[in-house]
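Descriptive analysis of the structure
Residue-level listing of the chains:
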Amino acid sequence: MKKLICLILLISTTCFAQKTTLYTIGDSTMANKKDPDRNPEHGWAQVLQSFFNDDIIVVNKAVNGRSTKSFINEKRWDSIYKKLKKGDYVFIEFGHNDEKIEDSTRYTNPHTTYRYNLIRFVKESREKGAIPVLLTSIARRNFNEKGVLVPTHGDYPLETRLTAQEYKVPFIDLEYYTELLEQSYGPEKSKKLHLHFKAGENPYYDKDKADDTHLSLEGAKAIAQIVINRIKAEEDSSLLRLKKGIK
């Protein structure tokens, strides 16, 4: 009986040890939304767990309206840093709110504060033996009258790319791949990726809704799939456990 109990404990311990935590930090394009059964809006990290088996535990810490600056100043990063352990992953996608030049609590210069905040996330993740992954911001649905998708993020994606290159961080260029996604849908159909409703069309909105930044469930799933596809395509050995955890 004692041998059987020891065997069960050993198996349980081994199974637990195989689980890997994936933290996601960023803004409202990633964040969990309230009332997910009724709310048309979803963050792409909100649906990410469904693409992994039980060996990967997605802990979505992205929060609406946050920039790298406010995420740090509100001690949200500190609370994650304290929990990080060897083998964890940290997906880092900011930029939308770092652009808010009218708001001193959120705005960051892309070439200075934003860059150094990304470097901090990277270095402190590595201090704990965790694996940081940098992602550029998702594209906004911003077609001009000629049907050209016009970028809106300035130099923030560039600095993310440069930081990933300099510090040899696994990198997913979400801006590029979501641009391709928006363009594949086209100016009109791409509304399905976002939140476009007439008053009364959806019970969650009592007024017209035309939001080209945030995501519908269709948009969130499409972007989560892009992330999964890029993980599969990456040759970086540090992503191996994530690859193995994909359904």
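My aim in this report is to walk through the structure given alongside it, one point at a time. (Residues numbered from 1 in each chain as written. Predicted model: local features only at pLDDT ≥ 70, side-chain atom pairs only at ≥ 80, totals over all residues. Heavy atoms only, no water.)

Quick notes on helix α7 (residues 217-233)
The end-to-end C-alpha distance of α7, which contains 17 residues, comes to 24 Å, matching closely the 24 Å that a straight helix rising 1.5 Å per residue would cover. Of all the residues in α7, the buried ones are G219, A220, A222, I223, A224, I226, V227, I228 and I231. Each element contacted by the buried residues of α7 is listed here: β3 (89-93), β4 (131-135), β5 (171-172), α6 (174-189) and α8 (240-245). (Helix = DSSP H or I, 4+ residues; strand = E, 2+ residues; numbered from the N terminus. Expected span 1.5 Å × (residues − 1). Buried < 20%, exposed > 50% of the residue type's maximum accessible area, 1.4 Å probe, protein only. Contact = heavy atoms within 4.5 Å.)

A closer look at the sheet that holds strand β1 (residues 20-26)
One open sheet accounts for 5 strands, arranged β2-β1-β3-β4-β5; its pairing is parallel. In the strand order of this sheet, the two ends are held by β2 (56-60) and β5, each with one partner. Summarising the sheet, β1 and β3 pair through 5 bridges and their orientation is parallel. Looking across to β3, one finds that I25 is bridged to I92. Relative to β4, helix α4 (residues 113-127) is tilted by about 155°, and along the sheet it contacts β1, β3 and β4. (Pairing = 2+ DSSP bridges. Axes fitted to C-alpha atoms, helices over the stretch in contact; angles between N-to-C directions.)

Topic: the packing of aromatic side chains
The final tally for this structure, using the stated rule, is 7 aromatic pairs. Residues F94 and F121 carry aromatic rings whose centres are separated by 5.7 Å and whose planes lie at 20° to one another, so their mutual orientation is stacked. Pair noted here: F94 is in the loop between β3 and α4 and F121 is in helix α4, with a separation of 27 residues, a long-range link. Of the two residues, F94 and F121, neither departs from the other in class, the shared state being buried. An aromatic cluster is present here, built from F71, W77, F94 and F121 joined pairwise through their rings. The residue whose ring lies beneath R115 is Y116, and the NZ or CZ to ring-centre distance is 6.0 Å. Sitting above the plane of the Y81 ring, K128 keeps its charged end 4.4 Å from the centroid. (Phe/Tyr/Trp six-rings, centres within 6.5 Å; stacked < 30°, edge-to-face > 60°. Lys NZ or Arg CZ within 6 Å of the ring centre and 35° of its normal.)

Focus: the packing of α6 against α7
Viewed as axis vectors pointing N to C, α6 and α7 meet at an angle of 130°, and their least axial separation amounts to 11 Å. Looking at the two axes, α6 sits oblique to α7. Crossing handedness for the pair α6 and α7: right-handed. Between α6, through L174, Y177, T178, L181 and Y185, and α7, the contact on the second element is made entirely by E218, A222, I223, I226, V227 and R230. (Parallel < 35°, antiparallel > 145°, perpendicular 65-115°, else oblique. Left-handed = near helix turned anticlockwise from the far one by under 90°.)

A word on the environment of Y114
Along the chain, the position of Y114 falls in helix α4. Its relative accessible area of 0% is what places Y114 among the buried residues. Taking the C-alpha atoms as reference, Y114 lies 8.8 Å from T160; in sequence the two are 46 residues apart. In contact with Y114, not counting residues within four places along its chain, are T68, F94, G95, D98, T108, N109, Y156, E159 and T160. Here F94 takes part through its backbone oxygen, which lies 3.0 Å from a polar atom of the side chain of Y114. (Polar contact = N/O pair within 3.5 Å; in protein donor to acceptor, adjacent residues only side chain to side chain.)

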